[in-house]
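Listed below, chain by chain, are the residues.
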Amino acid sequence: MVLWKPDPSFYPSPRLAMQAPPERLAYVATVNPNPDGRPDALAVVDVDPRSPTYGRVVGRVELPYTGDELHHFGWNACSSALCPYAPHPHIQRRYLILPGLRSSRLYVVDTQPDPRSPRLVKVIEPEEVFARTGYARPHTVHCGPDGIYISALGNPEGDGPGGIFVLDHYTFEVLGRWEVDRGPQFLAYDFWWHLGYDVMITSEWGTPRMVEQGVDVEALLNGRYGHRLHIWDLRRRRHVQSLDLGAEHQMVLELRPAHDPTKAYGFAGVVLSLKDLSASVWLWYREDGAWSVRKVIEIPAEPADPDRLPPILKDFRAVPPLVTDINLSLDDRFLYVSCWGTGELRQYDVSDPFHPRLTGAVRLGGIVSRAPHPKDPARPLNGGPQMVEISRDGRRVYVTNSLYIPWDPIFYPEGIRGWLAKLDAGPDGGLTVDPTFFVEFGDYRPHQVRLEGGDASSDSFCYP
């Protein structure tokens, strides 16, 4: 008799996920910004301190096409496979789904049998995505209880609306558009859910036309980038409510809901305030049967000599924080906020989500500060903490320094030299940079990081 058991990297609760063995490998999407015929690649980095190759690239998958611009990739399956209403306990966390934000192409990479030597096993061409969904520019991948969910910025012509489509867990067939009734939702970016409340949350950036040629200054100053959150009935796939942060608050990007499925709140990062160049983090929460939102963190711009600023910022005489990513530890205690403009990574204690408390900060790079890494303290860094990933136990934080090819040179005109750094987080707060871990990618630019066995932004849970 064959006994089938769930994948050991599926965890019923975030508490049990935190107790799992630490990650040994990190998978990093790296993008080639140069028109030289080299494709993007998935890099495998050794993150095991006991290994002789710690802090080195130990594997690499080069893609067959150029110009994809890999973005927020994810696993085919995760802990949500253990949810009672849509159980798939015999599927494995084995495949990585890599979206090409520029090409609208999708890649399926198999990390087995040797996790250090993943293999490309399937390519989903853009024409199939267009025909089955009406969407283009896939952005973010999340593994859900009943399929693989992918957000998209718009349609093949470069306009809106953007939205979400679904792949089959097993075959990776494109099933179709997710929304049944989108209501007033038009712009798209990130998404996630509260499985315990049958609710999905989505955020807004801009249509492909608004982002692919760099920052549209006219659209920005007129408040036309995204400034809303959208609440959806997850089971019925219908729009329920919009939460408008106000047109002053431009580009509502990353979403991080509470990991505990009994908690109905989460955090959204906002890149820029038109009022004063500050950035902010907002809390969405459920109250009296409806959803509300409020600002809980504001990070001011930093005054700067205009001679040290890129052209887009000279007249403002300041460096905006540019909050481009946030991440929440699995115990829902610490929120990490990346300030790509100033080069700061901030850690907040959000045990009381309505009143975050700053508990740690480090600087690496930055438009003006160019703070060095301790491994080479004499060399200024460019870029800044951008994508943030947290280990399951919350003790290690990984950051990369590239945002998006059309936007990188606007803020870092000299070009970005890609790097991955690791920070150590204290159990009660505080951050320090690991002086021995610094991975350089040269003229390739690293973006999303996924950790072997899951991380703080991979999984969703149905049990507290």
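Quick caveat: nothing in here was measured; it's all calculated off a predicted structure.

What follows concerns the environment of Gly206. By secondary structure assignment, the location of Gly206 is in the loop between β13 (199–202) and α3 (208–211). Sequence spacing of Gly206 and Tyr189 is 17 residues, and the spatial spacing of their C-alpha atoms is 7.7 Å. With residues up to four places along the chain from it excluded, the contact list for Gly206 reads Leu153, Leu187, Ala188, Val211 and Tyr225.

What follows concerns the environment of Val252. One can find Val252 in strand β16 (residues 249–257). For Val252, a relative accessible area of 0% puts it in the buried group. Sequence separation of Val252 and Cys462 is 210 residues, and the distance between their C-alpha atoms is 26 Å.

Of all hydrophobic cores here, the largest spans 31 residues; its most connected members are Trp205, Val211, Tyr225, Met251, Ile367, Trp407 and Phe411. Counting only elements with at least two residues in this core, the list comes to α3, α4 (217–221), β16, β17 (265–273) and β21 (318–319). Aside from chain neighbours lying at most four places away, what touches Trp205 is Leu153, Leu187, Ala188, Tyr189, Val211, Tyr225, Gly226, Met251, Val252, Leu253, Tyr404 and Trp407.

On to the sheet that holds strand β3 (residues 57–62), then. Strand order in the open sheet formed by four strands is β3-β2-β1-β30, and the pairing between neighbours is antiparallel. Looking at which strands have only one partner, the edges of the open sheet turn out to be β3 and β30 (445–451). Each neighbouring strand pair of the sheet contributes to a mean axis angle of 25°, computed without reference to strand direction.

Right, let's get into the packing of aromatic side chains. Any aromatic ring pair is given by two values, namely how distant the centres are and how the planes are angled relative to each other. Counted according to the given criterion, the structure contains 16 aromatic pairs. Ring centres of Phe191 and Trp193 lie 5.9 Å apart, and the angle between their planes is 65°; this geometry places the pair in the edge-to-face category. Exposure class is identical for Phe191 and Trp193. Each is buried. Here the aromatic rings of Trp340 and Phe411 are separated by 5.9 Å at their centres, their planes lie at 75°, and the arrangement is edge-to-face. One end of the pair, Trp340, is in the loop between β23 (334–339) and β24 (344–349); the other, Phe411, is in helix α5 (residues 408–411), with 71 residues separating them in the sequence. Like Phe411, Trp340 is buried.

If you trace the backbone, Thr30 turns up in strand β1 (residues 25–31). Take Thr30: its relative accessible area is 0%, and that puts it in the buried class. Only 2.8 Å separates the side chain of Thr30 from the backbone oxygen of Ala41, close enough to count as a polar contact. The contacts of Thr30, once residues within four sequence positions are left out, are Asp40, Ala41, Ala43, Arg60, Leu70, Phe441, Tyr444, Arg445 and Pro446.

Listed in full, the buried residues belonging to helix α2 (residues 126–133) are Pro126, Val129 and Thr133. An end-on view of α2 places all buried positions within 65° of arc, on one side of the element. α2 presents Glu127 and Ala131 as exposed residues on the side facing more than 90 degrees away from its buried surface. The elements touched by buried residues of α2 are β6 (106–110), β7 (119–124), β10 (163–167) and β11 (174–177). Just downstream of α2, Gly134 is the residue with a positive phi angle, here 80°.

Cut-offs applied
Residues numbered from 1 in each chain as written. Predicted model: local features only at pLDDT ≥ 70, side-chain atom pairs only at ≥ 80, totals over all residues. Heavy atoms only, no water. Helix = DSSP H or I, 4+ residues; strand = E, 2+ residues; numbered from the N terminus. Contact = heavy atoms within 4.5 Å. Buried < 20%, exposed > 50% of the residue type's maximum accessible area, 1.4 Å probe, protein only. Core = buried A, V, L, I, M, F, W, Y, C linked by side-chain atoms within 4.5 Å. Pairing = 2+ DSSP bridges. Axes fitted to C-alpha atoms, helices over the stretch in contact; angles between N-to-C directions. Phe/Tyr/Trp six-rings, centres within 6.5 Å; stacked < 30°, edge-to-face > 60°. Polar contact = N/O pair within 3.5 Å; in protein donor to acceptor, adjacent residues only side chain to side chain. Arc of directions from axis to C-beta.

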